[in-house]
Each structure stands twice: as structure tokens, then as C-alpha cells.
Amino acid sequence: MEAPSGVKGRPTRRAALRGPEWLLGFLTSLLSVRAGSLSKAPAGVLTTARWRLLFQVPASLARRPRLRASPMISARSNRLLAIMVGVLLGAPACLLLATPAKAQSAFSREGLGEWLEGYDMRGEALGSTGIGTIDPCNFSCVNPAATAFSRKALGYVGLHGSVNWTDDGNGAARVSSGMISGIGAYMPLSSRLGMRMSVRPCANGAYIIEERIETGGDSSESNIHREEGSRGMLRYAADLSVRGGANWAVAFSIGLQAGSILDESEQNFSESGWTSTTDRRLLRFRPSLIYGGGFQWSPWERMALGGAFSVGTSMKIEEEYRSAGGSEWTRETELDPSHGAGGGASIFLAKRVRLSGDVFWRSWDEVRLQDGALPQAGVHAFRNTLRWGIGLERTPRLGPRSKDWDRLAFRLGFAWLPWYIQTGDGDAIHEWRLTGGVGIGVREDRGRIDLLFAWGRRGSLDENGLEEEYIRFGFGCAFASTLREY
């Protein structure tokens with residue numbers, strides 16, 4: 001499954017990323033953000049009144065490895081390539097510096113927020129697929145067996161920035177944000193055994209909703225009711241994989257899931273005679289065990305299949321509430337788990353054209369606090385979800401004689417992502433996403449840099465009374481082997 005690393009006696013084509021040029025590109029992106037090219041100011045106001053009407057919820061609630069330059073690439077090309085890569089790497093990082101630490105969506109106000117299955121940046125660019133794709137740099141956490149076919153040690157990091165436009169029919173609000181989507185490492189233990197460790201967010205509860213408070217005074221436009229959610233849940237996983245030759249592998253996973261979700265409701269008045277108030281609700285999720293497994297199998301050379309499942313255990317929760325009037329209470333309860341299972345397939349339609357598809361089902365109808373309301377009072381019960389995606393990729397040609405253009409992977413994808421939450425009337429909330437991306441190989445077999453662009457929409461004004469469009473930029477890298485081999 002590995003690409004050749006070069007022929008003895010012949011020059012091997014390598015991308016030469018020089019430190020000063022890479023740093024120049026990064027600093028260019030950083031300065032452009034700090035100069036105000038990315039604005040965080042909302043273009044309008046999304047009203048909590050419309051949101052309460054919709055859901056009927058009370059408001060209280062390393063050093064970089066040095067790559068040897070290829071004599072077959074000119075110094076001018078090296079410099080231009082280095083600057084371009086520096087800008088591409090710097091832009092998502094600058095989004096993290098200039099904006100909140102979590103991606104935000106108004107729909108994350110309910111339940112546990114946005115649920116994330118754990119695809120890597122390459123899989124996101126292919127319409128959230130990868131369960132059945134055999135690739136040495138596949139780091140999708142949704143399938144514990146995804147990295148089993150890598151014969152080298154891997155290190156992975158992924159992050160993305162997004163801009164959301166939310167419309168409730170009375171006005172639109174824009175907010176930009178960013179988050180780290182995953183960090184992990186894979187280590188071959190023998191010729192057949194391998195272990196992967198990963199940390200990633202599995203639930204994101206970040207949102208901001210604002211509206212003006214009309215009091216009839218001259219300064220009532222400065223009176224703001226603001227609802228904000230933050231934090232989420234993280235999943236820490238250890239996967240043990242067994243590879244049987246070149247065409248099948250199985251893996252088992254065990255992990256911990258923990259985190260917290262904070263909801264705050266503030267009423268800020270600029271007029272005299274009115275008192276600003278703050279209500280606060282905090283859910284602390286104690287660590288609970290998550291078990292999973294997966295497989296990948298290639299029945300013949302041009303096709304691969306895969307499957308994965310995850311089973312959770314009950315999670316103990318400590319809930320704290322503090323109102324503006326000074327009342328406080330704390331209670332302990334448990335959250336019933338969500339289970340998931342899915343499958344995927346990939347097939348080469350041509351020598352370098354691969355089609356992939358995934359389907360994943362997750363149970364939500366029994367997820368609730370045992371002695372409380374999650375969903376909150378007045379919100380319709382959660383529903384099971386079946387998400388699917390499809391992707392098309394032109395795979396790279398990696399070798400000592402490959403041209404620069406042939407070393408790139410080009411990707412397109414589409415994903416259908418229904419949400420588990422429903423409106424107060426029981427209407428379903430759907431999301432679709434159109435994706436694209438580029439993969440840049442590092443040498444012949446030393447890893448890959450993945451870039452993502454996505455455009456999507458959540459909800460519908462006609463069906464849900466709320467609609468959200470977003471664009472997303474992502475960056476992920478999987479570097480193989482040890483630094484001294486670069």
C-alpha cells in the first residue's frame with residue numbers, strides 16, 4: 001500500500017519548503033487578520049424571541065522537518081510554493097487566533113449541540129467519507145481500522161475556520177469562528193499490529209444569539225439580551241488494529257468521553273432604572289467509557305469495504321444553576337448514551353479516480369437525563385439520524401518522476417447530515433454540505449497536507465423558521481515516520 005520512495009541513483013522529486021518563505025506566508029496571513037480583514041462584528045441580529053417561539057424554551061435557561069530541495073525544481077518555483085503553502089497554513093491558524101475557540105451555530109443551543117463523528121480533513125473534503133477507504137494516510141476516527149494500512153508512524157492534526165450567516169426572517173447575523181478538529185498519532189507495534197491515540201471534539205455547544213430590548217426610552221437600542229453557549233465534549237480514544245496481509249484489517253477501540261456545556265443568558269441595560277441580570281446553567285459530564293470497533297477489507301484490487309460501530313455507557317452529570325435573583329441549586333443525574341454504526345465503500349472507476357461513500361446511523365431517541373429534561377422542557381424528543389456522504393477523488397501519482405501537478409489529489413464531495421434535535425412542533429432539521437479540497441503529498445511516502453473548502457446550509461426558514469448558511473476552510477496534515485528520515 002506504500003508508494004515508492006525513489007530509485008537509487010536518480011534524483012527524487014521533493015517539495016522544498018524553506019523556513020523564511022514559509023514564515024513569510026504565515027506572517028502575511030496573521031497581519032491581514034489583525035489588520036481587520038476578517039470581521040467578527042455581526043451584520044444583523046438573530047432574535048431570541050424567534051428562537052423561543054421555535055423551540056418553546058425559557059430564556060433562563062517541532063520543529064518543522066527540513067526537506068531536501070530537488071534539483072529538478074527551480075529556486076523561483078520553490079519560493080513561490082513556499083509562500084503559497086505558508087499562506088494556506090497560516091489562514092486557518094489565524095482564524096483560531098482572531099475568533100472564538102469553537103465553531104458556532106445557532107442550532108447548537110439545544111441538547112448537546114452539534115454532534116461530530118470524527119472524520120479527518122481528507123474525509124471531510126470527500127463528503128464525510130472514509131470508513132471503507134484504504135489509504136496509508138487515512139486518519140478518520142470514525143473507523144478505528146482506518147490507519148491499519150499505514151506501515152509508518154503517523155502524526156495528525158486538523159483545524160478549520162468557518163463563517164456562518166443565520167437568518168430568522170427578520171434579520172441576518174454573521175459570525176466567524178474556528179476550532180481544532182482532531183489531534184492524534186499512530187505507531188506500528190509490529191508488522192501486523194498498530195496502535196492509534198487520538199483526541200477530538202465529539203459535541204460542540206457554542207452559539208451566540210442576541211436581540212434588542214425595547215423599553216421605550218431614548219437609549220433602548222443599546223439594551224441587549226444576549227444568550228451564549230460555550231464548551232463541549234471531548235473524546236479520548238486508543239485503537240488497536242490488526243492487519244492481515246494487504247487486503248484486510250480489524251480494530252478495537254476504547255476511550256473516555258467527558259466535558260462541560262455552559263449556557264448564559266444576560267440582559268444588559270444602558271438606561272438608568274433598569275438592572276442588568278445574568279442567568280447561568282452548567283452541565284459537567286464526568287468521564288464515561290466508549291467502546292468501538294471496525295474493519296476494512298479489499299475483496300479485489302480496485303474495491304474496498306469497511307464498517308464501524310461505537311457503544312457508550314451512562315455518563316454521570318453534575319448540573320449547576322444560578323439565577324439573576326440569587327437562587328442557586330445543584331443536582332447530580334445521569335445521561336443515557338448514544339450508539340452508532342455505519343459502513344462505507346470505495347471503488348476505482350479509473351486508474352486514478354476513486355469514488356467513495358459512507359452511511360452512518362446513530363440512536364438518539366433514548367438519550368435523555370434520567371431525572372431532568374434534555375431536551376429541555378417544551379422541546380420535542382430527539383430523533384435517530386442516518387447521515388450519508390459521497391466523494392470523488394483524483395488520487396496523486398507519487399514517484400521519482402512525477403510532475404508537480406500529478407502529485408496533487410483533487411477532491412469533491414456531498415454530505416447529507418440530519419440533526420437529532422427537532423423543533424417544538426416536531427419538525428426535523430436537515431443539513432447539507434458541498435465540499436472540495438486538495439491533497440499535497442510530502443515527498444513520496446512521508447505524509448500529506450489536506451486543504452478543505454465547504455459550503456453548507458442548516459435548517460429552513462419555511463419549515464423551521466430559522467436558516468443558517470456557512471463556508472468552512474480546513475487544514476489537516478498527516479506526517480509519517482520519524483523526523484530524521486526527512
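Definitions and limits used
- Residues numbered from 1 in each chain as written.
- Predicted model: local features only at pLDDT ≥ 70, side-chain atom pairs only at ≥ 80, totals over all residues.
- Heavy atoms only, no water.
- Helix = DSSP H or I, 4+ residues; strand = E, 2+ residues; numbered from the N terminus.
- Areas by Shrake-Rupley, 256 points an atom, 1.4 Å probe, with all protein chains shown as cover.
- Polar contact = N/O pair within 3.5 Å; in protein donor to acceptor, adjacent residues only side chain to side chain.
- Core = buried A, V, L, I, M, F, W, Y, C linked by side-chain atoms within 4.5 Å.
- Buried < 20%, exposed > 50% of the residue type's maximum accessible area, 1.4 Å probe, protein only.
- Pairing = 2+ DSSP bridges.
- Patch = residues over 30% accessible without salt bridge, like charges linked within 9 Å, V, L, I, M, F, W, Y side chains within 5 Å.
- Salt bridge = Lys/Arg side-chain N within 4 Å of Asp/Glu carboxyl O.
- Lys, Arg positive; Asp, Glu negative; His and termini not counted.
- Charge placed at Lys NZ, Arg CZ, Asp CG, Glu CD.
- 1 Å grid on protein atoms, 1.4 Å probe; cavity = no way out; pocket = protein on both sides within 12 Å on 5 of 7 lines; lining within 4 Å.
- Points joined across faces, edges and corners; volume = space filled by probe spheres on them.
- Nonpolar A, V, L, I, M, F, W, Y, C, P; charged D, E, K, R; others polar.
- pLDDT = per-residue confidence, 0-100.
- Contact = heavy atoms within 4.5 Å.

(A) Expanded view of the overall build of the protein. Across its full length, the protein holds five helices and 18 strands. Of the roughly 21,200 Å² of accessible surface on the protein, 59% is carried by carbon and sulfur atoms.

(B) Highlighting the side chain of D279. Within the secondary structure, D279 sits in strand β8 (residues 277–300). In this structure the side chain of D279 is engaged in a polar contact, spanning 2.7 Å, whose partner is the backbone nitrogen of A324.

(C) Region of interest: the nonpolar core. If you look at the biggest cluster of nonpolar residues, it comprises 21 residues, and the most contacted ones within it are L112, W115, M233, F285, L335, W364 and Y420. Residue assignment for this core shows that the elements contributing at least two residues are β4 (193–204), β8 and β10 (315–322).

(D) Representation of the pairing of β10 within the structure. The pairing of β8 with β10 spans six bridges and is antiparallel. For L282, the partnering residue across the bridge sits in β10 and is E320. When β10 meets strand β11 (residues 328–335), the two strands line up antiparallel, connected through eight bridges. Within the sheet, the bridge partner assigned to Y321 lies in β11 and is W329. In this structure, the hairpin formed by β10 and β11 is closed by a connection of five residues, where G326 is found at a positive phi of approximately 100°.

(E) Layout of a nonpolar patch on the surface. Together, V199, Y236, I254, L256, L289, Y291, F309 and V311 give the surface a local cluster of nonpolar side chains, amounting to about 640 Å² of exposed area. If you list the elements that add at least two residues to the nonpolar patch, you get β7 (248–268), β8 and β9 (303–312). Here V311 is to be found in strand β9. On the basis of relative accessibility, which here comes to 34%, the residue V311 falls in the partly exposed class.

(F) Quick look at a negative patch on the surface. Where like charges cluster on the molecular surface, the negative patch consists of D425, D427, D462 and E463. Residue position: D425 is located in the loop between β15 (408–416) and β16 (431–441).

(G) Representation of empty space enclosed by the protein within the structure. Roughly 440 Å³ of volume is contained in the largest cavity. Looking at the largest cavity, it is lined by 27 residues, and the ones nearest its centre are E114, W115, L116, E117 and R387. Residue assignment for the lining of the largest cavity shows that the elements contributing at least two residues are β1 (114–115), α4 (121–125), β3 (172–188), β13 (353–362), β14 (385–394) and β16. Split by residue class, the lining of the largest cavity holds 14 nonpolar, five polar and eight charged. Of the volumes computed, that of the second largest cavity is approximately 230 Å³.

(H) Up close: the pairing of strand β5 (residues 207–212). Here β5 shows a buried face lined by Y207, I209 and E211 and an unburied face lined by I208, E210 and R212. Note: β5 against strand β6 (residues 224–244), six bridges, orientation antiparallel. Across the sheet, Y207 pairs through a bridge with G229, a residue of β6.

(I) Representation of the pattern of salt bridges in the model. If you walk through the whole model with that rule in mind, you get 26 salt bridges. The closest approach of N and O atoms between R109 and E227, which form a salt bridge, is 2.7 Å. Placement of R109 in the loop between α3 (75–98) and β1 and of E227 in strand β6 is noted, with a sequence separation of 118 residues between them. On the basis of relative accessibility, which here comes to 4%, the residue R109 falls in the buried class.

(J) Representation of the confidence of the model for the protein in the model. For the protein, the average pLDDT comes to 77, and 72% of its residues sit at 70 or higher. Segment residues 1–101: pLDDT under 50, and 193 contacts once partners within four positions in sequence are set aside and those in other chains are kept.

(K) Summary view of unusual backbone geometry. A positive phi angle, near 60°, is found at S128, a position not held by glycine. For S128, the position within the fold is in the loop between α4 and β2 (154–167). The buried category is assigned to S128, whose relative accessible area is 4%. With a phi angle near 70°, R231 is a residue other than glycine that sits in the positive phi range. Secondary-structure assignment places R231 in strand β6.

(L) Structural view of the environment of L335. Residue position: L335 is located in strand β11. Residue class for L335 comes out buried when judged on its relative accessible area of 5%. Taking C-alpha positions, L335 is 5.7 Å from S314, a pair spaced 21 residues apart along the chain.

(M) Representation of the environment of L112. Within the secondary structure layout, L112 lies in the loop between α3 and β1. L112 gets classed as buried once you look at its relative accessible area, which sits at 3%. Along the chain, L112 and N204 lie 92 residues apart, while their C-alpha atoms are 7.2 Å from each other.

(N) Representation of the side chain of R354 within the structure. Inspection of the secondary structure puts R354 in strand β13. Taking the relative accessible area as the measure of exposure, R354 reaches 6% and is therefore buried. At a separation of 3.5 Å, a polar atom in the side chain of R354 contacts the main-chain carbonyl oxygen of I134. Dropping the residues within four chain positions of it, R354 is found in contact with R122, T133, I134, D135, S346, I347, F348, G391, L392, E393 and T395.

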